[in-house]
Amino acid sequence: MSPSPTPPPPLRRPRCPGGPVLLAPALDDAQLALAADALALGQWARVRSLLAETGEDWDLRGHRLTVLATSPGSAAWAGDWRLAEPDSGDAATLLALATVRLALHGESSTEDAAEACATAARMLPDDPTPWLGALILARRTGTPDALEHAFHQIRARHRDHHHAHHLMTAALAERRPGARDDSRHPAHAFAARAAARAPADSPLALLPVVAHTERYRVLAAGGLAPPGPADRGHWSTRHAHRILHDAFDWWLEWGGEEHPRGKVDLNFLAHATFHEGRMAEAAALFQRIGPHPTRAPWSYAGRDADGAFRAARDTALRRAGDTPAP
C-alpha cells in the first residue's frame, strides 16, 4: 500500500444528482442484463453463449449465474435446457442455482436444491459455482458444518472467491448476536485473515469493512445499534476508523472496479464512509457507483434500499461540495 495515496478524484456534480437508480442485480454488466431478459422469455441459447464467453473467470461466472437464477422462470427454462442438452454442465449449474432460489422462497425442497448442486458439481468438478449454490443454501437452511464444507470446497477451486467470502462474513456476523462488537468477533477475525492472505490487488482487502457492516445489520436488528447514521457509535470506534481508513486507501491505490462485483464493494465502502461522517470520501464513492446501488447494505436496519441510497448520496454530494476534499 502506498504510504501517501493520491487524493480522491475531484468532486463533480452529476448531471442529475437526484436521478434514477437501479437496484438491478446485474449491476453494470450489460451482457448479463440482456441474457437475463432473454432467459425470462425462455431464450436460453443466449445464456449458453454468455457462459461460454465467460470461461473460467470464476468470480464473473458466479456473479452471472447467481443473477441469471433470479430471472422469472429460470428453473423451468434451465430444466428445458437440460432436457435439450443433458451433458451441459452450464445448464445443470443454472438449474442448481435456480432451484436453490426456489428452496429459499419455499417453492422447492432443500433436498432437491442440494441434490441439484451436487449433480452440477459432479459434472463440473473444477467449477466452484455449484458449491456457491450449496453455500447460499447452507447459509439459510444448513448447519455450520455444511456452511464450512461448502466454503472450503469453493476455496479449493478458487482461493479468493469474492461472493463466497461475502457470504461467510455475513453468516459469521450472525454468531453471538447479542455480544458487544469488537475486533475479536468471529466475523472480524475471518475478514482480517482473508484480507491479509489475499494478493495486494484483491478486493478482499475491503472485507473488514463488510464484516463491520454485517455486524451493524445484526446489532441493528437486535436493537443494539441505531437504525440510521444520526448516532454514529458503531462507526466511530478506533477499530472502525482503522479499517475504513485502510479500505479507502486501498481503493485509491488499486480501485478494483474491473472486478465483476466491484460495485458491491463500492456500495459497502460508501455506506460505511457515509455513516462515519466522511462526506468527501463518500461523495467520491457515490460518483463511481453511479446508477448501480446494491440492496445490501442500504436495506440494513429495515430501511428501504432505494430511499436510503438516494438520501445518503444526496447528503454526501451536498455536504462534500461545501468543503474541500482531503
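Scope of this entry: the structure provided in the associated data block. (Residues numbered from 1 in each chain as written. Predicted model: local features only at pLDDT ≥ 70, side-chain atom pairs only at ≥ 80, totals over all residues. Heavy atoms only, no water.)

This part covers the pattern of salt bridges. Per the counting criterion, the structure on display carries 13 salt bridges. A salt bridge links aspartate 90 to arginine 61; the nearest nitrogen and oxygen atoms lie 2.7 Å apart. In this pair, aspartate 90 is assigned in helix α5 (residues 89-104) and arginine 61 in helix α3 (residues 58-68), connecting sequence segments 29 residues apart. Here arginine 61 falls in the buried class, since its relative accessible area comes to 4%. The shortest N-O distance in the salt bridge between aspartate 306 and arginine 310 comes to 2.9 Å. Of the two residues, aspartate 306 and arginine 310 both sit in helix α16 (residues 305-320), four residues apart, roughly one turn of that helix. We classify arginine 310 as partly exposed; its relative accessible area is 25%. If you follow the salt bridges from partner to partner, you end up with Arg139, Glu174, Glu214 and Arg217 in one network. (Salt bridge = Lys/Arg side-chain N within 4 Å of Asp/Glu carboxyl O. Helix = DSSP H or I, 4+ residues; strand = E, 2+ residues; numbered from the N terminus. Buried < 20%, exposed > 50% of the residue type's maximum accessible area, 1.4 Å probe, protein only.)

In this structure, arginine 319 sits in helix α16. Taking relative accessible area as the criterion, arginine 319 reaches 38% and is therefore assigned partly exposed. With 41 residues separating them along the chain, arginine 319 and arginine 278 place their C-alpha atoms 9.8 Å apart.

Moving on, we come to the packing of α5 against helix α7 (residues 129-141). Closest axis-to-axis distance for the α5/α7 pair is 9 Å, and the angle between their directions is 10°. Judged by the inter-axis angle, α5 sits roughly parallel to α7. On the side of α5, the interface is formed by Thr93, Leu97, Val100, Ala103 and Leu104, while α7 contributes Thr129, Pro130, Gly133, Ile136, Leu137, Arg140 and Thr141. Residues belonging to the contact of α5 with α7 are distributed by class as follows: seven nonpolar, four polar and one charged. (Axes fitted to C-alpha atoms, helices over the stretch in contact; angles between N-to-C directions. Parallel < 35°, antiparallel > 145°, perpendicular 65-115°, else oblique. Contact = heavy atoms within 4.5 Å. Nonpolar A, V, L, I, M, F, W, Y, C, P; charged D, E, K, R; others polar.)

This next bit is on helix α12 (residues 238-254). In a regular helix each residue adds 1.5 Å, so 17 residues correspond to 24 Å; α12 covers 24 Å between its end C-alpha atoms and thus fits that length. Considered for burial, the residues of α12 that qualify are His239, Ala240, Ile243, Leu244, Ala247, Phe248, Asp249, Trp250, Trp251 and Leu252. Close packing links the buried residues of α12 with α10 (186-197), α11 (207-221), α13 (262-276) and α14 (279-289). Glycine 255 sits one or two positions beyond α12 and adopts a positive phi of about 80°. (Expected span 1.5 Å × (residues − 1).)

Bringing the nonpolar core into the picture now. Core analysis: the biggest nonpolar cluster contains 91 residues, and Leu68, Leu94, Leu135, Trp251 and Phe286 have the highest contact counts within it. Dropping the residues within four chain positions of it, phenylalanine 286 is found in contact with Ala270, Trp298, Phe309, Ala312, Arg313 and Ala316. (Core = buried A, V, L, I, M, F, W, Y, C linked by side-chain atoms within 4.5 Å.)

Look at the link from alanine 296 to proline 297: it is a cis peptide, with omega at 10°. The phi dihedral of leucine 27 is positive, around 60°, even though this residue is not glycine. Within the secondary structure layout, leucine 27 lies in the segment before α1 (30-40). Residues other than glycine seldom take positive phi values, yet alanine 301 does so here, at roughly 65°. Following the sequence through the fold, alanine 301 ends up in the loop between α15 (295-298) and α16. Assessed through its relative accessible area of 27%, alanine 301 is described here as partly exposed.

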